[in-house]
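Breakdown of the fold
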Amino acid sequence: MASTRAGWFAAARECAWLVAVGACAFVGVLLFGMLALDSGARPVPDATAVARVADGDTLWSVAARFAPDSDQRAVVGRIVELNRLGVDGVGLGRTLIVPAQRG
């Protein structure tokens, strides 16, 4: 009888440990998701501007120059969409339509 009771306590301890680890993981994912939603970045601007690609420019640098307060991944995606860019990327001297912050 004593060995059965010891086995039950061991199983209960293991189960409680697994529940605690699962709860911690859930809370961690929930907090991470909340932080991602409230990143402080503004949405991609509706206004656009024309940008000429200079030597050393990348889509990321153009996005940062014209919409610095927005989510840069979203701005780059919008630049690609607006200009129907493919794998060729951007060439020196090319003119791009870009989302731009006002003011």
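Our subject is the structure that appears above.
Residues numbered from 1 in each chain as written. Predicted model: local features only at pLDDT ≥ 70, side-chain atom pairs only at ≥ 80, totals over all residues. Heavy atoms only, no water.

**Quick notes on the side chain of Gln72**
Short version of the rule: Comment: elements are numbered from the N terminus, with helices defined as DSSP H or I runs of at least four residues and strands as E runs of at least two. For every residue, the accessible area obtained with a 1.4 Å probe (protein chains only) is divided by the maximum for its type, and the residue is called buried under 20%, exposed over 50%, and partly exposed between those limits. What qualifies as a polar contact is a pair of N or O atoms within 3.5 Å, subject to a donor-acceptor requirement within protein and to the restriction that residues adjacent in sequence count only when both atoms come from side chains. Any pair of residues with heavy atoms lying within 4.5 Å of one another is described as a contacting pair.
Here Gln72 lies in helix H3 (residues 72-83). Residue classification places Gln72 among the buried residues on the basis of a relative accessible area of 18%. Polar side-chain contacts of Gln72 include one of 2.9 Å to the backbone oxygen of Ser70. When residues no more than four places from it in sequence are discounted, the contact partners of Gln72 are Trp60, Ala63, Ala64 and Ala67.

**Side note on the pattern of salt bridges**
Should the charged atoms of two oppositely charged side chains come close, the side chains can pair. We apply this condition: Any Lys or Arg side-chain nitrogen found within 4 Å of a carboxyl oxygen on Asp or Glu counts as a salt bridge.
Under the definition given, this model contains four salt bridges. With its nearest N and O atoms 2.5 Å apart, the salt bridge here joins Arg78 to Glu81. One end of the pair is Arg78 and the other is Glu81, both in helix H3 and three residues apart, which spans about a single turn. Of the residues examined, Glu81 reaches a relative accessible area of 52% and is grouped as exposed.

**Some points on the nonpolar core**
What counts here: Remark: nonpolar core denotes a set of buried residues (Ala, Val, Leu, Ile, Met, Phe, Trp, Tyr, Cys) joined through side-chain atoms within 4.5 Å.
Counting 14 residues, the largest nonpolar core has Leu59, Val62, Phe66, Ile79, Leu96 and Val98 as its most contacted members. Here this core gets four residues from one element, more than from any other, and that element is helix H2 (residues 59-66).

**A look at a nonpolar patch on the surface**
As a reminder of what qualifies: Distance thresholds for patches are 9 Å for like charges and 5 Å for nonpolar side chains (Val, Leu, Ile, Met, Phe, Trp, Tyr), applied to residues having over 30% relative accessible area and no salt bridge. Using a 1.4 Å probe, the Shrake-Rupley method yields the accessible areas, and only the shown protein chains count as cover for residues.
Among the surface-exposed residues, Phe26, Val27, Leu30 and Leu31 lie close enough to one another that they form a single nonpolar patch of about 390 Å² accessible area. What makes Leu31 partly exposed here is its relative accessible area of 47%.

**A closer look at the packing of H2 against H3**
Heads up, the rule is: Axes here mean lines fitted to C-alpha atoms, for a helix over just the part in contact, with angles spanning 0 to 180 degrees between N-to-C directions. Every angle not falling under 35 degrees, over 145, or within 65 to 115 is termed oblique; those three ranges are roughly parallel, roughly antiparallel and roughly perpendicular. Only Asp, Glu, Lys and Arg are considered charged in this grouping, and only Ala, Val, Leu, Ile, Met, Phe, Trp, Tyr, Cys and Pro are considered nonpolar; every other residue, Gly among them, is considered polar.
With their axes 9 Å apart at the nearest point, H2 and H3 run at an angle of 110° to one another. Relative to H3, the element H2 is oriented roughly perpendicular. On the side of H2, the interface is formed by Leu59, Trp60, Val62, Ala63 and Ala64, while H3 contributes Gln72, Arg73, Val75, Val76, Ile79 and Val80. Here the contact of H2 with H3 is composed, by residue class, of nine nonpolar, one polar and one charged.

**A look at H3**
We apply this condition: Take the number of residues in a helix, subtract one, and multiply by 1.5 Å to get its expected span. Working definition: the arc comes from the directions between the helix axis and the C-beta atoms, pointing outward to the latter.
With twelve residues, H3 extends 16 Å between its outermost C-alpha atoms, agreeing within 8% with the 16 Å of an ideal straight helix rising 1.5 Å per residue. Within the sequence span of H3, burial applies to Gln72, Val75, Val76, Ile79 and Asn83. Around the axis of H3, the buried residues are gathered within 100° of arc, so they sit on the same side. What points out from H3, more than 90 degrees from its buried face, is the exposed set Arg73 and Glu81. Here the buried face of H3 lies against H2 and strand E2 (95-99). Among the residues of H3, the N-terminal cap falls to Asp71, whose side-chain oxygen and the backbone nitrogen of Arg73 are separated by 3.3 Å. One or two positions beyond H3, positive phi appears at Arg84, with a value near 50°.

Just geometry here; none of it tells us what the structure is for.
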